[in-house]
Amino acid sequence: MIVSLLILLPWAVALGLSLAGRAAWALSMAAALAEILLCLPLLAGNASVIAAIHLPLLGDLWDLQSSPLANLFALTTALLLPLSLSLERRQNNDLHLARILAVLQGALMGTFFANNFLSFYGFYEIVAVAAAWLILRSGAQDRRAALTFLLYTVTTSLFLLLAVLPVYLDSGSRTGFYDFSWLHLTGSTLAAPTQWLLFLAMVAGLGVKLPLFPLHGWARAAYVQSAPAAALFLSGATVLAGVYGLCHWAVPLLPGGALLFRPDGIVLASIGTLYGAFLALSTSDLRETIAYSSVSHMNLVALGLFALQEQAWSGALFLSIAHAILAGGLFALLAMLAARGLASNWEELGGLFRPLPRLGAWTLFFFLMALGLPGLGNFPGEFLTLLGSFQVSPLWAGIATLGMIINLVVFLRAYERSMLGHLNPRLPLAIADLDRHEYWIFLLLAVTSLYLGLHSQSLLADFTQLLPVHAPLVLGGAHGA
């Protein structure tokens, strides 16, 4: 019942916002906080399963089931929604964005808990449409950015659907029982070359949301042109749908294909990690720097997943959660600069630490987190991902490590250009530093980052439970552990 509420509550709120009047924002925030509370019993180990709407040959379309990994991703997504709503209100955006965020939140919950592939695919498509709608109605309202994102995601997701059909037919011919549930689709006996081709199609459909190189073409425009509150949710939460799809659907349905694709996936992810870092280094705009750095970090996540090695896999999942917190901090920074009428290009910034010491200090904190400083959230995930990947492919893991080193230069340069040096004469004469509300936003994100960084072992010690149930079949000594 809880998993159904996690999906339906945001959608009900989206429908009711137009009737709420002045209480609309309070209703949105209350529902967002309620989502967090609903996730807590699941994390405590209370399983939630529901099956309804049974159709012959298709199975239960409303087949929802909690799992440790789904629960953790759901909580991460739920934590980001109040932050996005807070930033949206600070920028005086209309409540239309709150409605879109609620739709997107419910769809993401569906992708995490769906146990029937058709329902997963339906939720996954709603995520794509809602995210494109979010890009269109926020920030610069760039139609091209929204259309590019929609074309990338919807087109590639068709490959995802087509890839599962042979698996479905193979399962039905073996068992005499045709069903799209996860349990019936696993254990494919298709030939290895066929599995490789189908796995490639699934990677295309799921990797586009990471975004995996070379499917990252939508990311720059989407993150830069949308409002920071929207970009925060896109970069921190929407990408989790792709990560979860690879872990929960692609690898267990086609384990032979995953093993054959591993060298190709490692190459793509390593190139993406390095390429994203170079793009971040080449730009002279803080928004673009954060956008490209996000692409680089998520390709590092993909490297850990494709390595099919237990340390790398655990590190990638840990890093995907830490990246969500980092995205919250970085895009909150952009939102607070925009609220003060400050642009994000280097020509309009410089010396901000003098009039804005609080903002400068918090900026340094999250830039250090992006650098992978030990003790902060990103470090355990980056370290384990690279450590495990080195055991599988030292050359390409080394290339990915070079990308992380370049990211270090990127954020040191960004801090020097924006916060240090002489005060830019183009800046307004009077700029207000962080108020209490903004300070608490950064403080809560920082506490979460410190918890991940300093108490990572408590989470990693239980990571075998967070891994999908198929993990022991793929992640073993014969495959690089």
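*Asks:* Lay out the overall build of the chain in plain terms, naming residues and giving numbers.
*Replies:* A count of helical and extended segments in the chain gives 20 helices and two strands. Seen through its C-alpha atoms, the chain measures out along the principal axes to roughly 75 × 55 × 40 Å. For the chain, the share of sequence-separated contacts (at least 6 apart) that also reach a separation of at least 24 residues comes to 80%. Of the charged side chains in the chain, 19 are positive and 21 negative, and the gap between their average positions amounts to 10 Å.

*Asks:* Could you give an account of unusual backbone geometry, with specific residues and numbers?
*Replies:* A cis amide bond, omega 0°, links Leu210 with the succeeding residue Pro211. Tracing the chain through its elements places Pro211 in the loop between α8 (192-207) and α9 (219-225). Residues Phe213 and Pro214 are joined by a peptide bond in cis, for which omega reads 5°. In this fold, Pro214 is placed in the loop between α8 and α9. The phi dihedral of Gln141 is positive, around 50°, even though this residue is not glycine. The phi torsion at Leu308 lies on the positive side, around 50°, for a residue other than glycine. Structurally, Leu308 can be placed in the loop between α12 (286-307) and α13 (310-339).

*Asks:* Outline the packing of aromatic side chains, listing residues and values.
*Replies:* Applying the stated criterion across every chain, the model contains 28 aromatic pairs. Ring centres of Trp196 and Phe261 lie 6.4 Å apart, and the angle between their planes is 50°; on these two criteria the pair is classed as tilted. Taken together, the residues Trp196 in helix α8 and Phe261 in helix α11 (residues 255-282) connect sequence positions 65 residues apart. Taking relative accessible area as the criterion, Trp196 reaches 28% and is therefore assigned partly exposed. Three or more aromatic residues joined by ring pairs make a cluster, and in this case those are Phe117, Phe120, Tyr121, Tyr124 and Trp249. Lying across the ring of Tyr124, Lys209 places its NZ or CZ 3.5 Å from the centre.

*Asks:* Which residues make up the packing of helix α4 (residues 96-113) against helix α5 (residues 117-136), and what values do they have?
*Replies:* Contact geometry of α4 with α5 gives a least axis separation of 8 Å together with a crossing angle of 155°. Considering the angle they form, α4 stands roughly antiparallel to α5. Classified by chirality, the crossing of α5 by α4 is left-handed. From α4, His96, Leu97, Ile100, Leu101, Val103, Leu104, Ala107, Leu108, Gly110 and Thr111 reach across to α5, where they touch Phe120, Phe123, Tyr124, Ile126, Val127, Ala130, Ala131, Trp133 and Leu134. Its residues assigned to classes, the contact of α4 with α5 comprises 16 nonpolar, three polar and no charged.

*Asks:* Requested: an account of α12, with residues and values cited.
*Replies:* Its 22 residues give α12 an end-to-end C-alpha distance of 32 Å, which sits within 8% of 32 Å, the value for a rise of 1.5 Å per residue. Extensive coverage of α12 is indicated by the burial of 22 of its 22 residues. Of the residues one or two after α12, Leu308 is the one with positive phi, at around 50°.

*Asks:* Residues and numbers for the pattern of salt bridges, please.
*Replies:* Taken as a whole and assessed by the stated rule, the structure comprises four salt bridges. For Glu288, the salt bridge identified is with Arg220, shortest N-O distance 2.4 Å. In this pair, Glu288 sits in helix α12 while Arg220 sits in helix α9, placing the two residues 68 residues apart along the sequence. Residue classification places Arg220 among the partly exposed positions, given a relative accessible area of 29%. For Arg340, the salt bridge goes to Glu438, with nearest N and O atoms at 2.6 Å. Taken as a pair, Arg340 in the loop between α13 and α14 (357-370) and Glu438 in helix α17 (residues 436-454) lie far apart in primary sequence, 98 residues in all.

*Asks:* Can you break down a nonpolar patch on the surface residue by residue, with the values?
*Replies:* On the surface, Leu37, Leu40 and Leu43 cluster together to form a nonpolar patch covering roughly 270 Å² of accessible area. As for its placement among the helices and strands, Leu43 is situated in helix α2 (residues 24-43).

*Asks:* How would you sum up the environment of Phe112? Please name residues and give values.
*Replies:* Along the polypeptide, Phe112 turns up in helix α4. On the basis of relative accessibility, which here comes to 0%, the residue Phe112 falls in the buried class. C-alpha separation for the pair Phe112 and Gly245, spaced 133 residues apart in sequence, amounts to 8.2 Å.

*Asks:* Hey, could you go over the pairing of strand β1 (residues 49-55) for me, with residue numbers and the actual values?
*Replies:* Consecutive side chains of a regular strand alternate in pointing toward one face of the sheet and then the other. For β1 and strand β2 (residues 59-65), the ladder comprises six bridges, and the chain directions are antiparallel. Its bridge partner being in β2, Leu55 is matched across the sheet by Gly59. Linkage of β1 to β2, two consecutive antiparallel strands, is achieved through a turn of three residues, within which Leu57 is found at a positive phi near 70°.

*Asks:* Give me α17: which residues, what numbers.
*Replies:* If you check α17, its first and last C-alpha atoms are 26 Å apart, about what 19 residues at 1.5 Å a residue would give, namely 27 Å. Here α17 has its buried residues at Glu438, Ile441, Phe442, Leu445, Ala446, Ser449, Leu452 and Gly453. End-on, the buried residues of α17 take up no more than an arc of 120°, which puts them together on one face. Across α17 from its buried face, at more than 90 degrees, point the exposed residues Arg436, Leu444 and Leu454.

*Asks:* So what's going on with the layout of surface pockets? Residues and values would help.
*Replies:* Once rolled over the atoms, a probe with the size of a water molecule shows which space is left empty. Taken as a whole, the largest pocket holds about 960 Å³ of empty space. Here the lining of the largest pocket takes 10 residues from helix α3 (residues 68-90), the largest share from any one element. Of the residues in the lining of the largest pocket, the class split is 23 nonpolar, 11 polar and one charged.

*Asks:* Residue-level account of the packing of α12 against helix α16 (residues 394-419), with values.
*Replies:* With their axes 11 Å apart at the nearest point, α12 and α16 run at an angle of 160° to one another. On the basis of their axis angle, the class for α12 and α16 is roughly antiparallel. Viewed along their axes, α12 and α16 form a crossing whose handedness is left-handed. Between α12, through Leu286, Thr289, Ser293, Ser296, His297, Leu300 and Leu303, and α16, the contact on the second element is made entirely by Ala400, Met404, Asn407, Val410, Phe411 and Ala414. In terms of residue class, the contact of α12 with α16 is built from eight nonpolar, five polar and no charged.

What counts, and at which threshold
- Residues numbered from 1 in each chain as written.
- Predicted model: local features only at pLDDT ≥ 70, side-chain atom pairs only at ≥ 80, totals over all residues.
- Heavy atoms only, no water.
- Helix = DSSP H or I, 4+ residues; strand = E, 2+ residues; numbered from the N terminus.
- Contact = heavy atoms within 4.5 Å.
- Lys, Arg positive; Asp, Glu negative; His and termini not counted.
- Charge placed at Lys NZ, Arg CZ, Asp CG, Glu CD.
- Phe/Tyr/Trp six-rings, centres within 6.5 Å; stacked < 30°, edge-to-face > 60°.
- Buried < 20%, exposed > 50% of the residue type's maximum accessible area, 1.4 Å probe, protein only.
- Lys NZ or Arg CZ within 6 Å of the ring centre and 35° of its normal.
- Axes fitted to C-alpha atoms, helices over the stretch in contact; angles between N-to-C directions.
- Parallel < 35°, antiparallel > 145°, perpendicular 65-115°, else oblique.
- Left-handed = near helix turned anticlockwise from the far one by under 90°.
- Nonpolar A, V, L, I, M, F, W, Y, C, P; charged D, E, K, R; others polar.
- Expected span 1.5 Å × (residues − 1).
- Salt bridge = Lys/Arg side-chain N within 4 Å of Asp/Glu carboxyl O.
- Patch = residues over 30% accessible without salt bridge, like charges linked within 9 Å, V, L, I, M, F, W, Y side chains within 5 Å.
- Areas by Shrake-Rupley, 256 points an atom, 1.4 Å probe, with all protein chains shown as cover.
- Pairing = 2+ DSSP bridges.
- Arc of directions from axis to C-beta.
- 1 Å grid on protein atoms, 1.4 Å probe; cavity = no way out; pocket = protein on both sides within 12 Å on 5 of 7 lines; lining within 4 Å.
- Points joined across faces, edges and corners; volume = space filled by probe spheres on them.

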